[in-house]
Amino acid sequence: MSTTTTTQTQTSFSVAKPITPPRGDTEAELIFYSPPADGSKPFNYVEPQPEGSPQRNYGENHQSVKIHDLRGHEAEHGINTSGFGVVSGVPESAEKEFVDDESIKSKYYPEVEKLLLENVPGAERIFFFDHTVRRSQPGAKRAPVTRAHIDQTTKSARARVYHHMGDEAEKLLDGRVRLINVWRPLNGPVVASPLAYADSRTVTDEHIVPVEHRYPDRTGETAGVQYTKQGKWWYLSGMENSERVLLQCYDSRDGARTPHSAFVDSRTQDGWPGRESIEVRALVFG
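As the structure is a computational prediction, the values presented were derived from the model and not from experiment.

Undergrad: Break down the layout of surface pockets for me, citing the residues and quoting the values.
TA: Over the atoms a probe the size of a water molecule is rolled, and this reveals where empty space is left. Each pocket or cavity is described by its volume, and for the second largest pocket that value is around 270 Å³. In terms of lining residues, the second largest pocket is bounded by 15 residues, among which T153, T154, D205, I208 and R257 are the most central. Those elements giving two or more residues to the lining of the second largest pocket turn out to be β9 (208-214) and β12 (244-251). Considered class by class, the residues forming the lining of the second largest pocket number eight nonpolar, four polar and three charged.

Undergrad: Summarise the pattern of salt bridges; cite the residues concerned and give the values.
TA: Per the counting criterion, the structure on display carries 20 salt bridges. Ionic pairing is found between E212 and K41, a salt bridge with its closest N-O pair at 3.5 Å. Taken together, the positions of E212 in strand β9 and K41 in the loop between β1 (26-34) and β2 (43-45) put the pair 171 residues apart, joining distant regions of the chain. With its nearest N and O atoms 3.4 Å apart, the salt bridge here joins R135 to E276.

Undergrad: Break down the environment of L186 for me, with residues and values.
TA: Assignment of secondary structure puts L186 in the loop between β7 (177-185) and β8 (195-198). In this structure L186 comes out as buried when scored by relative accessible area, which is 15%. The spatial distance from the C-alpha of L186 to the C-alpha of G255 is 30 Å, given a sequence separation of 69 residues. Discounting residues that sit within four places of it in the chain, L186 has contacts with F98, V133, R135, N241, E276, S277 and I278.

Undergrad: For the pairing of strand β10 (residues 219-225), give the residues involved together with the corresponding values.
TA: Among the seven residues in β10, six count as buried, and that is most of the element. In this structure, strand β6 (residues 149-150) lies alongside β10, joined through two bridges in antiparallel fashion. Bridge assignment links I150 to a residue of β10, and that residue is A223. Summarising the sheet, β9 and β10 pair through seven bridges and their orientation is antiparallel. Pairing of V211 across the sheet is with T222, part of β10. Here β9 folds back onto β10, and the loop between the two strands holds four residues.

Undergrad: If you had to explain the sheet that holds strand β5 (residues 125-135) to someone new, which residues and values would you point to?
TA: The five strands are arranged β4-β12-β7-β14-β5 in an open sheet whose pairing can be described as antiparallel. Each edge of the open sheet carries a strand with a single partner, namely β4 (84-87) and β5. Across the sheet, the axes of successive neighbouring strands diverge by a mean angle of 20 degrees, strand direction being ignored. Taken together, the 10 bridges between β5 and strand β14 (residues 276-285) define a ladder with antiparallel strand orientation. Of the residues in β14, the one forming a bridge with F128 is A282. In the packing of helix α2 (residues 101-119) onto the sheet, the strands contacted are β4, β5, β7, β12 and β14, and the crossing angle to β5 comes to about 125 degrees. Packed onto the sheet, helix α3 (residues 154-165) meets β5, β7, β12 and β14 and runs at close to 115 degrees relative to β5.

Calculation notes
- Residues numbered from 1 in each chain as written.
- Predicted model: local features only at pLDDT ≥ 70, side-chain atom pairs only at ≥ 80, totals over all residues.
- Heavy atoms only, no water.
- 1 Å grid on protein atoms, 1.4 Å probe; cavity = no way out; pocket = protein on both sides within 12 Å on 5 of 7 lines; lining within 4 Å.
- Points joined across faces, edges and corners; volume = space filled by probe spheres on them.
- Helix = DSSP H or I, 4+ residues; strand = E, 2+ residues; numbered from the N terminus.
- Nonpolar A, V, L, I, M, F, W, Y, C, P; charged D, E, K, R; others polar.
- Salt bridge = Lys/Arg side-chain N within 4 Å of Asp/Glu carboxyl O.
- Buried < 20%, exposed > 50% of the residue type's maximum accessible area, 1.4 Å probe, protein only.
- Contact = heavy atoms within 4.5 Å.
- Pairing = 2+ DSSP bridges.
- Axes fitted to C-alpha atoms, helices over the stretch in contact; angles between N-to-C directions.

Next up, the structure:
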């Protein structure tokens with residue numbers, strides 16, 4: 001009896017093969033901005049568009065790009081120069097599920113505030129205005145975005161300050177204002193749909209195009225990114241839950257801003273988990 005039982009136990013359970021995250025530089029296709037064919041001002045609708053209007057009126061330019069592995073080069077980059085930076089060794093979050101917005105705000109936001117105050121030189125005050133959870137699965141509300149973009153322009157970042165800070169806006173705008181996304185995986189290590197980001201110094205302003213971001217009640221602005229051979233792109237291989245990438249979208253002083261996009265990694269194998277992540281967007285004053 002014992003032999004039979006032992007045999008059944010051995011054959012009933014299989015040990016999952018450990019996943020080794022892809023490392024090193026890679027080549028991948030990124031989708032860049034292409035202007036509207038009719039020369040009109042570019043736009044996209046956040047919610048379902050009005051009848052008879054396209055969801056967006058600009059096109060796509062698919063380009064194969066070398067994406068460098070940031071692993072081992074983290075100290076060479078920072079938000080004031082490259083427009084992005086890495087924070088490692090972050091303690092486990094009090095927020096476990098990342099499915100309820102109010103729970104995220106009450107448990108995770110304070111952790112992100114502490115992280116920003118400790119890791120962004122000169123930061124004195126933080127205001128969070130939204131967050132997005134992305135999951136690579138059918139039916140997910142938001143999935144990884146495979147289009148090179150910047151979340152804000154100078155115009156829309158300043159408008160954010162007026163929109164959220166009310167009577168304090170003018171005084172705050174007299175000082176330094178930064179808009180920073182804090183990005184992390186929820187099911188690391190990341191082995192599918194990694195996030196790539198370009199060194200701000202390698203993508204000049206002529207390749208950044210304001211795009212109307214049309215909400216039901218107002219019009220904001222994001223930035224499309226045109227392809228340039230000078231653009232140098234990076235990703236953090238096998239990014240863990242204890243790591244954060246700070247993506248600066250606006251800085252009133254230094255001007256560093258970070259084009260970014262998810263990409264399809266050809267090294268991802270069938271059966272590997274799709275990426276789950278959260279980005280929290282913050283106005284950083286000081």
